[in-house]
Amino acid sequence: MPLSLFSPLPLLHSFPSTVANKSTVSRVRDTPSKFRLSVVSATSEKGKGGGNDREDDPSFNPFGFVTDNPSSRSAIQLPESPAEDGNVGQMLYRTEDKGREFGSTIKSGKLRWFVRETGSKESRRGTIVFVHGAPTQSFSFRSVMSQMSEAGFHCFAPDWIGFGFSDKPQPGYGFNYTEKEYHEAFDKLLDVLEVKAPFFLVVQGFLVGSYGLTWALKNPSKIEKLAILNTPLTVSSPVPGLFKQLRIPLFGEFTCQNAILAERFIEGGSPYVLKNEKADVYRLPYLSSGGPGFALLETAKKINFGDTLSQIANGFSSGSWDKPMLLAWGIADKYLPQSIAEEFEKQNPQNVKLRLIEGAGHLPQEDWPEKVVAALRGFF
């Protein structure tokens, strides 16, 4: 069957099942909610008796760019009979109902948003809107928003257009993935959800996460308090390699169709490996169609990192922003070092409170939701 250069399917079909048998992955509970990864090589045990097979050589790993991701092995390289249980259709069947906790589809104008909601309008402590970054989805906030609703808050967490389970329009047909269009669509969604201002806003992550902050700068009267989790905040904030690759002609088109792109990005910024059931959810949109990849591609191409970061750094500095802000920062973030948060705090020390979250990486809401909840409850 002919294969398209931009199809995600070759990535899922082209790896022999024998690769998956090279190791056994076990997870050992380290803390009440964290796991340590232990990889025991099956071939290394065999090798003790001799043999000079090239595949037993640790330096030989033709599929290393996939197989070095333990959470992806079981889904992409199923060990027994690929024709029976390793095809994409059955993989989708096993995962298509996952990851929709607390969510429903909301029509806003011509766009359909997937929005998670916990609590109720009668919640006594107010409304929180959670905004995710790229290339993830609102699924990352599921535990935090569940616990915050138990504490008396009404919570919303939408998937941005182009991400998760929301619409992914083809660029040029109603949505072009620009900052202006994201802001306008977000305004309309808040109206449909009947979110009353001022409300609490929680923002995390790159690209669309940054657009959440620039939206706040344009709408300060709608914000009561702002909490920021691991988001680029200064002009010195580094840009991860993924987003640089997406901006390279042709190479970006190929990169965006990597079906394990999101989970690899999450694990790349964290000290932990995603459990398989979580990795399934982050992978699902990219398995389902090419739409999420091309939406991410367009968003990465349209953003001006320098201008956006300058706008954020200047807009939230002393004299420009007077609303209370919390930085709940995972200090094990491999993309954004702790120094970014400390530099941002110095720009507005009267209004910024820095709370360091030990043991958490780029997505503290995924790595240590309990610690994020503790920080948010104390702040809100």
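Being a predicted model, the structure only gives us computed values, none of them experimental. (Residues numbered from 1 in each chain as written. Predicted model: local features only at pLDDT ≥ 70, side-chain atom pairs only at ≥ 80, totals over all residues. Heavy atoms only, no water.)

Draft legend 1. Structural context of a nonpolar patch on the surface. A cluster of nonpolar residues, Ile248, Phe251 and Phe254, forms a patch on the protein surface that exposes about 290 Å² of accessible area. Mapped onto the fold, Ile248 is located in the loop between α10 (241–246) and α11 (251–255). (Patch = residues over 30% accessible without salt bridge, like charges linked within 9 Å, V, L, I, M, F, W, Y side chains within 5 Å. Areas by Shrake-Rupley, 256 points an atom, 1.4 Å probe, with all protein chains shown as cover. Salt bridge = Lys/Arg side-chain N within 4 Å of Asp/Glu carboxyl O. Helix = DSSP H or I, 4+ residues; strand = E, 2+ residues; numbered from the N terminus.)

Draft legend 2. Summary view of the confidence of the model for the protein chain. On average, the protein chain scores 83 in pLDDT, and the residues at 70 or more come to 74%. Confidence drops under a pLDDT of 50 for residues 1–69, and excluding neighbours within four residues, the segment shows 105 contacts in the predicted structure. (pLDDT = per-residue confidence, 0-100. Contact = heavy atoms within 4.5 Å.)

Draft legend 3. Up close: the pattern of salt bridges. In this structure the tally under the stated criterion is 11 salt bridges. Its salt-bridge partner being Glu277, residue Lys275 comes within 3.5 Å of it at the nearest N-O pair. The partly exposed category is assigned to Lys275, whose relative accessible area is 26%. On the basis of relative accessible area, Glu277 is assigned to the partly exposed category, the value being 41%. Residue Glu366 pairs with Lys278 through a salt bridge whose shortest N-O separation is 3.4 Å. Separated by 88 residues along the polypeptide, Glu366 in helix α17 (residues 364–367) and Lys278 in helix α13 (residues 276–288) bring together distant segments of the chain. We classify Glu366 as buried; its relative accessible area is 4%. (Buried < 20%, exposed > 50% of the residue type's maximum accessible area, 1.4 Å probe, protein only.)

Draft legend 4. Structural context of unusual backbone geometry. The peptide bond linking Ala134 to Pro135 adopts the cis configuration, its omega dihedral lying at 0 degrees. As for its placement among the helices and strands, Pro135 is situated in the loop between β5 (127–131) and α7 (142–150). Here the amide bond leading from Ala197 into Pro198 is cis, since omega sits at -5 degrees, within 30 degrees of zero. Looking at the secondary structure, you find Pro198 in the loop between α8 (179–193) and β7 (199–204). The backbone of Tyr177 sits at a positive phi, close to 65 degrees, despite the residue not being glycine. Take Tyr177: it is sitting in the loop between β6 (154–158) and α8. The exposure class assigned to Tyr177 is buried, which follows from its relative accessible area of 1%.

Draft legend 5. Inspection of the side chain of Ser237 at higher detail. Along the chain, Ser237 falls in the loop between β8 (223–229) and α10. For Ser237, the residues in contact, after removing those within four places along its chain, are Pro232, Leu309, Leu336 and Ile340.

Draft legend 6. Just the nonpolar core, in detail. Leu201, Leu226 and Phe243 are the most contacted members of the largest nonpolar core, which totals 67 residues. Sort the elements by how many residues they give to this core and α8 lands first, with six residues. Setting aside residues up to four positions removed in sequence, Phe243 forms contacts with Ala134, Pro135, Phe206, Leu207, Phe265, Leu296 and Phe305. In this structure, Val202, Leu326, Val373 and Phe379 belong to the second largest nonpolar core, which totals 26 residues. (Core = buried A, V, L, I, M, F, W, Y, C linked by side-chain atoms within 4.5 Å.)

Draft legend 7. Region of interest: the packing of helix α12 (residues 261–268) against α13. In the contact formed by α12 and α13, the axes pass within 7 Å of each other and the chain directions differ by 140 degrees. When the axis of α12 is compared with that of α13, the two are oblique. Contacts from Leu261, Ala262, Glu263 and Ile266 in α12 reach Ala279, Tyr282, Arg283 and Tyr286 in α13. Residues that form the contact of α12 with α13 fall into these classes: six nonpolar, no polar and two charged. (Axes fitted to C-alpha atoms, helices over the stretch in contact; angles between N-to-C directions. Parallel < 35°, antiparallel > 145°, perpendicular 65-115°, else oblique. Nonpolar A, V, L, I, M, F, W, Y, C, P; charged D, E, K, R; others polar.)

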